[in-house]
Amino acid sequence: MPFMPVKFNLQKRVKLAQGLWMIYWLSVIVGILIFSLGLFFKVELRKRSEMMDNNESHLVPNLLILVGLLAGGVSAFGGKVCHDSLDPVKFAKWKPMLKPYLLLCCGFNVLMLFTALLCFLMQFAVYLTLAEGLKNSIKFYKDTDTPGRCFMKRTLDMTQIEFRCCGNNNFRDWFEVQWISNRYLDMSNDLVKDRVLSNVEGKYLMDSVPFSCCNPGSPRPCIQHHLTNNTAHYDYDHRIEELNIWSRGCREALFAYFSSMMNSIGASSSSPSCWR
Amino acid sequence: MAFLKLTFSKNKRDKLAQVLWILNWVSVVTGILLFSMGLFLKVEINKRVELMAERDIQYVPNMLIAVGLIACAINFLGGKICYDCVDTTKFLRWKLILLPYIMCTFFFTFCVLVGALMCYSMHGELEESLNLGLTEAIRFYKDTDTPGRCFLKRTVDLLQIEFKCCGNTGYKDWFQIQWISNRYLDMSKKDVLDRLRSNVQGKYLMDGQQISNNSAHFNYEHQTEELNLWMKGCRQALLEYYTHIVQSIGLTVLITWLFELSVLTGVRYLQTSLENGLRQGDLNSESDGWLLENGPDNVPPKQIPEAS
């Protein structure tokens, strides 16, 4: 007993073939779109890979690129077959290939759905990679003379400016690391020596943040040093001051950016597989 | 004697009409491009209008938008006309409109050229406007509590971050003005009062000492330190940015002008050759086309004295 049989006369068959031809060409365009979305995502991951310790997984964008290319190829082939099926002579040429082609299409649809699902699920991996990567970035901020890390300061500064964030969880992460290199600390100065000796690891810790944490929308010039000392600045209370530096953490900011990108890519790649 | 006369067979005329049809549509596309570039320039200027003094520079994007729209309309009509010129009956419909259309296109082509020249002449006014505007912006940087100026600090900060520049001509512009509002200065402190009294206008100026003071910072020499602050002035940075945009727009306008000129020439030839064909009575035969009926070397035929 065939599953869901439908009767077709010649007219209906022709109309069906024409409709399918159009849908296949739309699928080619969608395939190109998914390919470019995958490429865009890959480029964005590469741009921010320093923030993620160069550890990020490129599985999702690579899959998207592959799926996009395959979608284009499969749909173009399908369009050709549908176009030729209107002519019985040409159709006879394609007849033996149709069954394997349909099986391939089914498999491909499953792959597409799987990719869309991955887009939503891999966000957890991105979150964890960001957390670890930012922690290390902040630690290596001062190492502008170490090969391989000399641009970390610049990258982190630009990220904090661009994403309007400060530190990993919040600005207090900067209080826990030495972000000024020893090359710029006058070790003959007593104050410096006291501060270095005041903690177990011999680090020069301060309650200051780099300039890139500053919020330009603040009505007063940026206060980046002695943040927790109210008496160090005129008319300043660190508990109620909100506009001085960015209060959001960079992990949250970057994750929001990537997750919105992945959600939209996932949504746009799951809809074509529905109408295939 | 006609100016630049050319003979057209029916075939050549039809080919000319087809080529003109394509050219007209290309010009429609360049018209749309011009319109969007004018819009883009307008948006870019308005984004930074707080940093520019009152100068008449809005005329350039407005002119570009107008030219773009008119180019679209004129070339759309021209495309329709050229398409119809292949068919005799349809040509007769357009016959009367053709000459006025050519006059309009001639006038419009002249306007496009003027527009291109305007693009390149904007430079001087823009520089002056930016110079004055940035001076004012830096002066009012601290006035974050004055209505109408409260976002100037943010605008200038973001400008300096985005364009990687500092001050008007250079970073020393900041040494000459008070950029910290009095609200955040502790007037009860002695050194604050000293600094205020140290200059005629009672302004709290600083950093002429801190940045130039090599002993204020460890391992710091202000004469050789290049990477600490942005060295470029914001006026130069903004000027370069806008000049770059306007120059590319100017180039596009020139290319549009060339297209319009070729369309104008082609349509004129088409019009004259079709009218001559009509005058001869047979549109399918060869006819002459020209740009001007009475050319510059037109000499009236010598009057042959009648043999008495």
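For every chain, the first residue of the written sequence is number 1, and numbering continues from 1 along that sequence. Chain letters and ligand numbers both follow the written order, the letters beginning at A and the numbers at 1. Given that the model is predicted, a residue must reach a pLDDT of at least 70 before its local features are reported, and side-chain atom pairs must reach 80 or more before they are shown or counted; all residues, however, enter totals for whole chains, interfaces and linings. Excluded from the side-chain calculation are hydrogens and water; included are all heavy atoms of the structure.

Going by an unreviewed UniProt entry, chain B carries the name Photoreceptor outer segment membrane glycoprotein 2 and comes from Dissostichus eleginoides. Turning to chain B, the UniProt record has this under Subcellular location (unreviewed entry): "Membrane". UniProt positions are given in the numbering used here, feature names are shortened, and annotations may be inferred rather than shown by experiment.

Naming follows an unreviewed UniProt entry, where chain A appears as Peripherin-2 of Dissostichus eleginoides. Quoted straight from UniProt, the Subcellular location (unreviewed entry) entry for chain A says "Membrane". Comment text from UniProt for chain A, heading Sequence similarities (unreviewed entry), reads "Belongs to the PRPH2/ROM1 family."

> Would you mind going over the overall build of chain A in detail, with residue names and values included?
Broken down by element type, chain A carries 7 helices and 0 strands. Across its three principal directions, the C-alpha atoms of chain A cover 95 × 40 × 30 Å. Looking at the 276 residues of chain A, the share that counts as buried comes to 42%. Just so you have it, chain A exposes about 15800 Å², and 65% of that area is on carbon and sulfur atoms. Charge-centre separation for chain A: the mean point of 30 positive side chains lies 18 Å from the mean point of 23 negative side chains. Each helix is a run of H or I in the DSSP string that is no shorter than four residues. Each strand is a run of E no shorter than two, and both are numbered from the N terminus. Only protein chains enter the calculation, and the probe is 1.4 Å; a residue is then buried if its accessible area is under 20% of its type maximum, exposed if over 50%, and partly exposed in between. Note on areas: Shrake-Rupley with a 1.4 Å probe; residue coverage comes only from the protein chains shown. The convention is simple: Lys and Arg are positive, Asp and Glu are negative, and His and the chain ends are not counted. One atom stands in for each charge, and that atom is NZ of Lys, CZ of Arg, CG of Asp or CD of Glu.

> Lay out the overall build of chain B with the relevant residues and their values.
When helices and strands are counted, chain B shows 6 helices and 2 strands. In chain B, the succession of helices and strands from N to C terminus is β-α-α-α-α-α-α-β. Relative to the 2.2 N^0.38 estimate, which gives 19 Å for 308 residues, the radius of gyration of chain B is 32 Å and therefore markedly larger than a compact globule would have. Taking the principal axes of the C-alpha coordinates as reference, chain B spans close to 115 × 45 × 35 Å. Across the 308 residues in chain B, those meeting the buried criterion constitute 42%. The globule rule is 2.2 Å times the number of residues to the power 0.38, and the radius of gyration it is compared with is taken over C-alpha atoms.

> Any chance you could break down the packing of aromatic side chains for me, citing the residues and the numbers?
Residue and element names in this part refer to chain B. Two aromatic rings, drawn from Phe, Tyr or Trp (for Trp, its six-membered ring), form a pair once their centres lie within 6.5 Å of each other, and the interplanar angle then sorts them: stacked below 30 degrees, edge-to-face above 60, tilted otherwise. Applying the stated rule across the entire model yields 18 aromatic pairs over all chains. Between Trp21 and Tyr83, the ring centres sit 5.8 Å apart and the planes meet at 40°, which makes this aromatic pair tilted. Here Trp21 is found in helix 1 (residues 10–47), whereas its partner Tyr83 is found in helix 2 (residues 59–85), with 62 residues between them in sequence. A ring is considered to have a charge above it if a Lys NZ or an Arg CZ atom is located within 6 Å of its centre and within 35 degrees of its normal. Note that Lys12 overlies the ring of Phe8, its terminal NZ or CZ placed 5.8 Å from the centroid. Residue placement shows Arg149 over the ring face of Phe140; its charged tip is 3.6 Å from the ring centre.

> Which residues make up the pattern of salt bridges, and what values do they have?
We define a salt bridge as a contact between a side-chain nitrogen of Lys or Arg and a carboxyl oxygen of Asp or Glu at a distance within 4 Å. The tally for this structure, following the rule as stated, stands at 23 salt bridges over all chains. One salt-bridge network, held together by shared partners, links A:Glu44, A:Lys47, A:Arg48 and A:Glu162.

> Explain the UniProt feature "transmembrane region" (unreviewed entry) in chain B residue by residue, including any values.
Residue and element names in this part refer to chain B. The positions that UniProt labels "transmembrane region" (unreviewed entry) are, in the present scheme, residues 20–40, 60–78 and 98–120. In the segment residues 60–78, helix accounts for 100% and strand for 0%; the C-alpha atoms at its two ends are 26 Å apart. Structurally, residues 98–120 comprises 100% helix and 0% strand, and the distance from its first C-alpha atom to its last is 34 Å.

> Explain the interface of chain B and chain A to me, and be specific about the residues and the numbers.
Should any heavy atoms of two residues lie within 4.5 Å, those residues are counted as being in contact. Taken together, the 15 residues of chain B in the interface contact 17 residues of chain A. In short, buried area is how much 1.4 Å probe accessible area vanishes from two parts on joining, totalled over both. Buried area between chain B and chain A, both sides added, is near 1300 Å², and the carbon and sulfur share of it is 65%. Inspection of the region where chain B meets chain A yields 0 salt bridges. Polar contact is defined as a pair of N or O atoms within 3.5 Å, subject to the rule that within protein one atom must be able to donate a hydrogen and the other to accept it, and that residues adjacent in sequence are counted only when both atoms are side-chain atoms. Linking chain B with chain A are 3 residue pairs in polar contact (both at pLDDT 80 or more), by the criterion used here. When its residues are assigned to classes, the side of chain B that touches chain A shows 7 nonpolar, 2 polar and 6 charged. Residues were grouped as follows: Ala, Val, Leu, Ile, Met, Phe, Trp, Tyr, Cys and Pro as nonpolar; Asp, Glu, Lys and Arg as charged; and all remaining residues, including Gly, as polar.

> How would you summarise the packing of helix 2 (residues 59–84) of chain A against helix 3 (residues 88–121) of chain A if you had to cite specific residues and measurements?
Helix packing geometry: the angle between the two helix axes and the distance between the axes. All names here are of chain A. For the pair helix 2 and helix 3, interaxial distance at closest approach is 9 Å and the crossing angle is 155°. Taken together, helix 2 and helix 3 sit at an angle that is classed as roughly antiparallel. Crossing of helix 2 against helix 3: the hand is left-handed. Grouping the amino acids of the contact of helix 2 with helix 3 by side-chain chemistry returns 23 nonpolar, 2 polar and 3 charged. Structural elements are reduced to axes, namely lines fitted to C-alpha atoms, with helices fitted over the stretch in contact, and the angle between N-to-C directions of any two is expressed from 0 to 180 degrees. Our angle categories are set so that under 35 degrees counts as roughly parallel, over 145 as roughly antiparallel, 65 to 115 as roughly perpendicular, and the remainder as oblique. The handedness criterion is simple: a crossing whose near helix is rotated anticlockwise from the far helix by less than a right angle is left-handed, and one whose near helix is rotated clockwise is right-handed.

> Can you break down a nonpolar patch on the surface residue by residue, with the values?
All names here are of chain B. Only residues above 30% relative accessible area that lack a salt bridge enter a patch, with like-charged residues linked at up to 9 Å and the nonpolar side chains Val, Leu, Ile, Met, Phe, Trp and Tyr linked at up to 5 Å. A cluster of nonpolar side chains, Trp21, Ile22, Trp25, Val26, Phe76 and Tyr83, forms an exposed patch at the surface whose accessible area comes to about 610 Å². Ranked by the residues each element gives to the nonpolar patch, the list is headed by helix 1, at 4 residues. Judged by relative accessible area, which is 53%, Tyr83 ranks as exposed.

> Describe the UniProt feature "transmembrane region" (unreviewed entry) in chain A, and please don't skip the residues or the numbers.
Using the residue numbers shown here, the UniProt feature "transmembrane region" (unreviewed entry) corresponds to residues 20–41, 62–81 and 101–130 of chain A. Taken end to end, residues 62–81 of chain A is 100% helix and 0% strand, and its first and last C-alpha atoms sit 29 Å apart.

> Provide a residue-level description of the side chain of B:Glu260, including the pertinent values.
Residues and elements named next belong to chain B. With respect to the helices, strands and loops of the structure, Glu260 is situated in helix 6 (residues 234–280). In this structure Glu260 is buried but unpaired, with Arg268 as the nearest side chain of opposite charge at 15 Å. Here Asn75 takes part through its side chain, which lies 2.5 Å from a polar atom of the side chain of Glu260. Here Glu260 is in contact with Ser27, Ala71, Asn75, Thr105, Phe108 and Thr109, once residues within four sequence places are set aside.

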